[in-house]
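Here is what each chain is made of, one letter per residue.
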Amino acid sequence: DSGVTQTPKHLITATGQRVTLRCSPRSGDLSVYWYQQSLDQGLQFLIQYYNGEERAKGNILERFSAQQFPDLHSELNLSSLELGDSALYFCASSVATGGYTFGSGTRLTVV
Amino acid sequence: SQQGEEDPQALSIQEGENATMNCSYKTSINNLQWYRQNSGRGLVHLILIRSNEREKHSGRLRVTLDTSKKSSSLLITASRAADTASYFCATAGAISSGSARQLTFGSGTQLTVLP
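Read on for an overview of the structure.

Before going further, it helps to examine the overall build of chain B. When you go through chain B residue by residue, the secondary structure sums to zero helices and 11 strands. Reading chain B from its N terminus to its C terminus gives the helix and strand order β-β-β-β-β-β-β-β-β-β-β. In terms of C-alpha radius of gyration, chain B reaches 14 Å, essentially the compact-globule figure of 13 Å for 115 residues. Dimensions along the principal axes, computed over C-alpha positions, put chain B at roughly 45 × 30 × 20 Å. By residue count, 43% of the 115 residues in chain B fall in the buried class. By sequence separation, contacts in chain B at least 24 residues apart represent 57% of the contacts at least 6 residues apart. Total accessible area computed for chain B in this model is approximately 5400 Å², and 46% of it derives from carbon and sulfur atoms.

Here it is as structure tokens:
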């Protein structure tokens, strides 16, 4: 157990639907990062939150949004899902000077 | 987009041999990190080397960094079958907003250690 908790582990949904992925960072970590991992794009940075505020945006589609709550957990919302959104979605947390701690990921399958 | 390119894409060795993976990157960095991923699982942080460091060791791992060539290498000595995994380098940019920097990952090297 890395200390970063992601739920659900697996998600199967139909095209056009909306899903919410949840992440609880490691205790004490203020930064949360979301990454998408697919076979063709590799690991792509989506978005970062720091202590409740958005800090950086990467290759995040407009159909995707995220937020970090006062208790520091974060949610990634994916809407109008397409087949190409099928991927592993990882959350990671970190302190300012160290490496990331990754969660075990959510495998999203869009059918 | 990928910051780092890793070489080789795949590596197969016998148990007990050393494995060397290389990573090249494009922009100035604050630090470079290596991660390991077992198939379909989360990434595990292995080692971090800062831009002012040239070499770092952790157990059977040795990492080097050459900022003039924008490259790094990861050496795993005396490999074991359990080392079979994908290995990724990741770079943290030189510009900081005060919070932890986002990482940009390379494409990864798939290491297979044969028993």
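This paragraph deals with the interface of chain B and chain A. The interface is formed by 20 residues belonging to chain B together with 27 residues belonging to chain A. Between chain B and chain A, the buried area comes to about 1700 Å², and carbon and sulfur atoms account for 49% of it. Where chain B touches chain A, the interface holds zero salt bridges. At the level of secondary structure, the elements contributing two or more residues to the side of chain B that touches chain A comprise β4 (29–37), β5 (43–50) and β10 (103–105) of chain B. No other element matches the four residues that β5(B) contributes to the side of chain B that touches chain A. Split by residue class, the side of chain B that touches chain A holds seven nonpolar, 10 polar and three charged.

You can see Gln37(A) is positioned in strand β4 (residues 31–38). Side chain to side chain, Gln37(A) and Gln37(B) meet in a polar contact 2.9 Å long.

Another point: the layout of surface pockets. The calculated volume of the largest pocket comes to roughly 570 Å³. What lines the largest pocket is a set of 27 residues, and nearest its centre among them are Gln37(A), Ser38(A), Leu39(A), Gln37(B) and Phe88(B). Of all elements in the fold, only β4, β5 (42–50), β9 (87–94) and β11 (106–110) of chain A together with β9 (85–93) and β11 (109–114) of chain B reach the threshold of two or more residues within the lining of the largest pocket. Residues belonging to the lining of the largest pocket are distributed by class as follows: seven nonpolar, 18 polar and two charged. Within this model, the second largest pocket holds a volume of roughly 330 Å³. What lines the second largest pocket is a set of 16 residues, among which Asp1(A), Ser2(A), Phe102(A), Gly103(A) and Ser104(A) lie closest to the centre. Secondary structure elements with two or more residues in the lining of the second largest pocket: β1 (5–7) and β10 (101–102) of chain A together with β5 of chain B. Residues that form the lining of the second largest pocket fall into these classes: five nonpolar, eight polar and three charged.

This paragraph deals with the sheet that holds strand β1 (residues 5–7) of chain B. All names here are of chain B. Taken in spatial order, the five strands make up an open sheet running β1-β3-β8-β7-β6, and their pairing is antiparallel. One side of each edge strand has no neighbouring strand; the edge strands of this open sheet are β1 and β6 (55–58). Within the sheet, the average angular offset between the axes of one strand and its neighbour, ignoring direction, is 15°. As defined by bridge partners, β6 adjoins strand β7 (residues 61–66) across four bridges and the pair is classed as antiparallel. The residue bridging Lys-56 from the neighbouring strand is Val-63, located in β7.

Parameters at a glance
Residues numbered from 1 in each chain as written. Chains lettered and ligands numbered in written order. Predicted model: local features only at pLDDT ≥ 70, side-chain atom pairs only at ≥ 80, totals over all residues. Heavy atoms only, no water. Helix = DSSP H or I, 4+ residues; strand = E, 2+ residues; numbered from the N terminus. Rg over C-alpha atoms; globule rule 2.2 N^0.38 Å. Buried < 20%, exposed > 50% of the residue type's maximum accessible area, 1.4 Å probe, protein only. Contact = heavy atoms within 4.5 Å. Areas by Shrake-Rupley, 256 points an atom, 1.4 Å probe, with all protein chains shown as cover. Buried area = accessible area lost by both parts, 1.4 Å probe. Salt bridge = Lys/Arg side-chain N within 4 Å of Asp/Glu carboxyl O. Nonpolar A, V, L, I, M, F, W, Y, C, P; charged D, E, K, R; others polar. Polar contact = N/O pair within 3.5 Å; in protein donor to acceptor, adjacent residues only side chain to side chain. 1 Å grid on protein atoms, 1.4 Å probe; cavity = no way out; pocket = protein on both sides within 12 Å on 5 of 7 lines; lining within 4 Å. Points joined across faces, edges and corners; volume = space filled by probe spheres on them. Pairing = 2+ DSSP bridges. Axes fitted to C-alpha atoms, helices over the stretch in contact; angles between N-to-C directions.

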